[in-house]
Amino acid sequence: MAPPTGAALIARALHELGIRVIFGLVGIPVVQIAEEAIALGIRFIAFRNEQAASYAATAYGYLTGKPGVCLVVGGPGVLHAMAGIGNSSGNAFPLLLLAGSSETHLVTKGAFQEMDAVSLLTPHTKIAIRSGLDSIPQSLTTAYRTSWYGRGGPSFVDLPADIIQGEGEETTAYIVPSPPKAGSDPEKIKLVIQLLKSAKAPLVIVGKGAAYAQAESVIRRLINQTKIPFLPTPMAKGVLPDSHTSNTASARSTALKGADVVLILGARLNWILHFGEEPKWNSGVKIIQVDISAEELGKNNGDPALGIIGDINVVTSQIINALEGWQYNTSSSEYVKALKESEAKNEAKAAQAAKVDKTPMTYARTFNVIKDTLHKLSPPEDGGIVYVSEGANTMDISRSVFLVEHPRLRLDAGTYATMGVGLGYAIAAHCAYNLPSPDAISGPKMSRKKIVCLEGDSAFGFSLAEVETMARYGMDVLIFVVNNGGVYHGDSEDSDEWLEMQQNTIKGKAQGGLRSSSLGWEVGYEKVAEMCGGKGFLVRTPEELAKATKEGFKASVPVVINVIIEAGQAQKLGFHGNNIIAPFPKHK
Ligand code: ADP
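- As recorded in an unreviewed UniProt entry, the protein chain goes by the name 2-hydroxyacyl-CoA lyase, listed as coming from Cudoniella acicularis.
- We quote the UniProt Sequence similarities (unreviewed entry) comment for the protein chain here in full: "Belongs to the TPP enzyme family."
- UniProt lists a comment for the protein chain under the heading Function (unreviewed entry), and it reads "Catalyzes a carbon-carbon cleavage reaction; cleaves a 2-hydroxy-3-methylacyl-CoA into formyl-CoA and a 2-methyl-branched fatty aldehyde."

The following block contains the structure:
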């Protein structure tokens with residue numbers, strides 16, 4: 001029998017590591033690896049752009065709690081996939097990136113797609129190595145383990161063409177068991193317990209690290225027992241049900257400002273949590289941060305003396321045991337009273353906004369029509385829908401509208417605020433939840449899930465070719481494009497005015513009024529689905545939207561619902577993409 005090729009050995013090592021899905025885009029010579037992997041029963045999801053493939057692998061890592069794998073060609077393929085390296089690192093999601101490269105004996109001669117990817121990626125990954133023919137299992141196993149153990153992050157293996165095409169000897173990959181879990185020093189737990197018990201206004205913040213750690217049962221126990229109010233970060237929605245009585249999400253500002261002791265489970269004190277600093281936080285607040293990464297403790301306003309290094313599952317369990325049934329007295333708490341008042345006020349405001357009935361629709365109306373329709377088709381308690389949301393305003397405004405009752409059912413632009421992740425994430429979610437013998441754990445009833453994308457028109461544009469990927473693999477993803485004709489708050493409200501401006505630009509008359517945030521007016525995004533066998537809907541009214549949502553939900557092909565909403569509206573509401581940019585003057 002002929003000795004196995006490097007490609008076959010790579011595929012076998014990946015298979016032995018338990019990898020069942022690879023995201024990527026092939027070319028010479030990595031196509032041989034993909035083909036060998038397919039022959040072993042690994043699913044290769046072939047994308048239209050490495051960027052989306054690399055994003056998908058990061059999301060798959062997050063959803064399954066194990067590294068997601070991405071395979072690309074060298075040179076330009078690696079450069080495109082660097083987007084995923086940044087996304088993995090920024091979000092602490094485990095990613096194993098594999099790439100081809102030119103033959104080792106041709107290095108420096110200007111070989112096909114020649115690039116020194118190891119040097120390029122070393123500063124941006126936990127480990128970046130080049131594999132030899134004899135070290136294939138060892139290289140892959142080490143990179144896989146390194147991306148997974150400790151805080152999740154990216155790792156990279158460079159696979160030169162002569163290794164892929166060479167002939168090697170049969171070897172076995174090492175088994176990589178799940179990462180060991182560390183607990184805390186008992187003295188530290190005692191200190192934490194004292195602080196929590198003496199707090200007048202305690203708060204638990206749950207981050208996406210807790211969702212990634214699949215720590216929902218123990219965190220649910222902690223909150224149910226102690227009755228401490230909690231606040232989920234955007235992707236931690238569902239670790240505790242949104243409908244939980246201790247959820248203070250709709251009184252977020254009051255909760256942060258009023259808290260005197262805060263227990264943080266799996267979140268960083270970065271921009272999402274206003275660095276733990278004034279004016280959003282109370283100046284004297286005591287922050288107890290539980291994190292797997294020692295380097296995280298003491299950052300910004302975190303007190304390293306109160307930080308606990310350890311796994312959330314283990315440490316939270318230690319805290320529960322040490323509390324011995326203690327409960328926060330919510331009935332006599334001024335803090336809880338203030339939270340309830342603020343919740344009632346904010347919820348009334350949101351209910352009012354949801355009722356504004358005009359055409360073109362507002363953001364609030366749009367999301368409420370979608371929510372009411374979807375909730376009837378799949379009640380939130382069943383956990384049958386995964387929401388993927390991106391686009392500054394679409395993401396921000398929709399976040400509080402949709403109820404998420406189970407963990408890992410909401411993905412968004414994340415720590416890096418990366419726009420363009422949506423379609424890759426949707427494909428990853430489909431693979432994690434809907435392939436036979438799914439890898440992801442979710443809630444008590446693991447069932448097939450509908451993947452629903454809420455995309456701003458700008459965010460959708462980053463990777464709309466991936467609708468074809470969805471169609472090719474029979475992924476019945478339901479995509480809403482919330483179309484206001486521009487980045488952030490959208491463009492002119494008057495289509496005649498917009499067309500005139502565009503004509504002027506085409507004729508070379510100045511800039512014609514098109515702003516840097518302008519996108520095409522009422523672009524027919526629904527046609528992207530139609531062109532590859534999916535279904536498209538163009539809707540303008542609540543009735544049309546509800547009907548299309550119903551049909552789209554039941555479809556077995558990808559669906560794009562292009563929802564024309566009121567342009568310029570977020571600007572009026574005071575949303576300016578997290579205040580990153582100043583509002584524009586109206587163009588004339
Ligand atoms: P969010 O975006 O929700 O605020 P971040 O991504 O900023 O969350 O933070 C997640 C944190 O969770 C990271 O600092 C990461 O190190 C930490 N983390 C991940 N897994 C675990 C775990 N098993 N135990 C403890 N901390 C964890």
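**A closer look at the packing of helix α14 (residues 363-377) against helix α15 (residues 392-399)**
At step 1: The contact between α14 and α15 brings their axes to 10 Å, and the two run at 60 degrees. Looking at the two axes, α14 sits oblique to α15. As for the relative orientation of α14 and α15, their crossing is right-handed in sense. Where α14 approaches α15, its residues Tyr-363, Ala-364 and Phe-367 are matched on the opposing element by Asn-393, Ile-397 and Ser-398.
At step 2: Classifying every residue of the contact of α14 with α15 by side-chain character gives four nonpolar, two polar and no charged.

**As for the sheet that holds strand β10 (residues 286-291)**
At step 1: Pairing is parallel in the open sheet, where five strands are placed in the order β8-β7-β9-β10-β11. Two strands close off the open sheet at either side, each with one partner strand: β8 (230-232) and β11 (308-309).
At step 2: Sheet analysis places strand β7 (residues 202-206) next to strand β9 (residues 261-265), joined by five bridges and oriented parallel. When the bridges of β9 are listed, Val-204 appears paired with Leu-263.

Here is what the cut-offs are and how they apply
Residues numbered from 1 in each chain as written. Predicted model: local features only at pLDDT ≥ 70, side-chain atom pairs only at ≥ 80, totals over all residues. UniProt positions renumbered as here; feature names shortened; annotations may be inferred. Axes fitted to C-alpha atoms, helices over the stretch in contact; angles between N-to-C directions. Helix = DSSP H or I, 4+ residues; strand = E, 2+ residues; numbered from the N terminus. Parallel < 35°, antiparallel > 145°, perpendicular 65-115°, else oblique. Left-handed = near helix turned anticlockwise from the far one by under 90°. Contact = placed C-beta atoms within 7 Å. Nonpolar A, V, L, I, M, F, W, Y, C, P; charged D, E, K, R; others polar. Pairing = 2+ DSSP bridges.

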